[in-house]
Amino acid sequence: MEKSSPRLIMLVDDSGTNLLAGKAALSENYKVLTAGSAANMLQILEWSKPELILLDVDMPEMDGFEAIKNLKQRPETRDIPVIFLTAISDSANELKGLELGAVDYIAKPFSPPLLCKRVELHLLLEEQKHILEKQKNELQNYNDNLQCMVEEKTKTILKLQNKLLAAMAEMVEGRDGTTGDHIARTQQYLRALVSAVIKIGIWTEETSEWDIELLCQSCQLHDIGKVAISDSILKKPGKLTPEEFSEMQRHVTIGVDFIERLEDSEDSSAFLRYAKIFVKFHHEKWDGSGYPYGLAGEDIPLLGRMMALVDVYDALTSERPYKKAFSHSEAEKIIMESKGTHFDPVLISLFEKKPEMFRQIADVQ
């Protein structure tokens, strides 16, 4: 087994006698560089970096205190441990040295065995410090990699979740003669409407708390309750009877029950909270004539009022078993006539100012 090279120590003292004595004591176990002044030390450090410096305090021109300040200011030397050598037993000076960054004091004249033991101890401490730093960095890298893995896995799960939701929503929508395009379009309409509301700065207290991505994903479930409604009602080409319409209205409460069964009673997710709002309130009307709760005005949650608008616009501009598709102009006219009755007047004013935000998504004339 190859023997490792001896560790490098620097001894700095203006006394030649102390340099000789110190080098003699340390040379058996270490490679020792000597310097007769602080200036000489700084020159040597330009080409060699010791693992520890033994530094005399009382030196002419630049004393040990000034020397250690210089060392700590340089990036390449600031981490080298420094042990002060001093013949002055003064607690104030010792405290000053320690505050400047020294790791220890050794009194002169020094005992060679004590000098060697102190050097051995501080080199061991420094070695342990490097080991801990390495372990810390390795742990940090592991945590960073683990975080990346978790984020990638989360993205994969969310992507799969979104696909499952879309497939479920398409299955529900397909039962009444519509397609998954309705789901995709209502998501886009809602995103456009949310962006417009945020841009003009209304309802800022509420909108500032929204997670837009979760919000737009969850709106796919707004008609999930239709899964329990009979095909004879969903696909009826003509007008529903009062009894049939009453049965159709049940899709809201059925959908709410479905979401509530998924919710954790202690801490339901934001996704499900958004979904529940869309399911529960998208058929409420501003004047209180909607269903199933007959809420009016701002008693209807903002997201419910927004979903009502985008859902009706898509229903108007899409072909259904009971109706042909209306043009954008026809749909716009119907919606404008429902300002303050079916729909929130503020949202309709926004819709009136920015008609293109829906027309481009619907791709209708």
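Residues numbered from 1 in each chain as written. Predicted model: local features only at pLDDT ≥ 70, side-chain atom pairs only at ≥ 80, totals over all residues. Heavy atoms only, no water.

1. Quick notes on the environment of Q43
Put simply, the test is: Numbering of helices and strands runs from the N terminus; a helix is a DSSP stretch of H or I covering at least four residues, while a strand is a stretch of E covering at least two.
Positionally, Q43 belongs in helix α2 (residues 38-44). Placed 309 residues apart in sequence, Q43 and E352 show a C-alpha to C-alpha distance of 78 Å.

2. Quick word on the nonpolar core
Operational definition: Residue types Ala, Val, Leu, Ile, Met, Phe, Trp, Tyr and Cys, when buried and joined through side-chain atoms within 4.5 Å, form a set referred to as a nonpolar core. Exposed residues in this analysis have more than 50% of their type's maximum accessible area, buried residues have under 20%, and partly exposed residues fall in between, with area computed by a 1.4 Å probe over protein chains only. Any pair of residues with heavy atoms lying within 4.5 Å of one another is described as a contacting pair.
Among the nonpolar cores identified, the biggest contains 31 residues, and L215, M306 and L309 are the most heavily contacted of them. Elements that contribute at least two residues to this core include exactly α6 (180-200), α8 (212-218), α11 (270-281), α12 (302-317), α13 (328-337), α14 (345-353) and α15 (356-362). Beyond its immediate chain neighbours, meaning those up to four positions away, L215 contacts L190, V194, W210, Y274, F278 and L303. In terms of nonpolar packing, the next biggest core, distinct from the first, is built from 23 residues, V12, L45, F65 and A102 among them.

3. Describing the environment of R359
Here R359 lies in helix α15. Judged by its relative accessible area of 27%, R359 is partly exposed.

4. So, the sheet that holds strand β2 (residues 30-35)
The criterion, for reference: Two strands make a pair as long as DSSP finds a minimum of two bridges between them. Axis geometry follows a simple rule: fit a line to the C-alpha atoms, using only the stretch in contact for helices, then measure angles between N-to-C directions, giving values from 0 to 180 degrees.
As summarised here, the arrangement of the five strands in space is β2-β1-β3-β4-β5, forming an open sheet in which the pairing is parallel. Since the sheet does not close on itself, it has two edges, and those belong to β2 and β5 (104-107), each with one partner. Strand after strand, the sheet turns through a mean of 25 degrees between neighbouring axes, direction not considered. In terms of strand pairing, strand β1 (residues 7-12) meets β2 through six bridges, oriented parallel. Looking at the pairing, L8 lines up with K31 of β2.

5. Quick look at the pattern of salt bridges
Where we set the bar: A side-chain nitrogen of Lys or Arg and a carboxyl oxygen of Asp or Glu constitute a salt bridge if their distance falls within 4 Å.
Tallied over the entire structure, the rule returns 16 salt bridges. The salt bridge partner of D13 is K108, with a shortest N-O separation of 3.0 Å. One end of the pair, D13, is in the loop between β1 and α1 (16-26); the other, K108, is in the loop between β5 and α5 (112-174), with 95 residues separating them in the sequence. According to the relative accessible area criterion, D13 is buried, its value standing at 1%. Notably, a salt bridge pairs R74 with E46, separated by 3.4 Å at the nearest N-O pair. One end of the pair, R74, is in the loop between α3 (64-73) and β4 (82-86); the other, E46, is in the loop between α2 and β3 (52-56), and 28 residues separate them in sequence. One salt-bridge network, held together by shared partners, links R7, E51 and E127.

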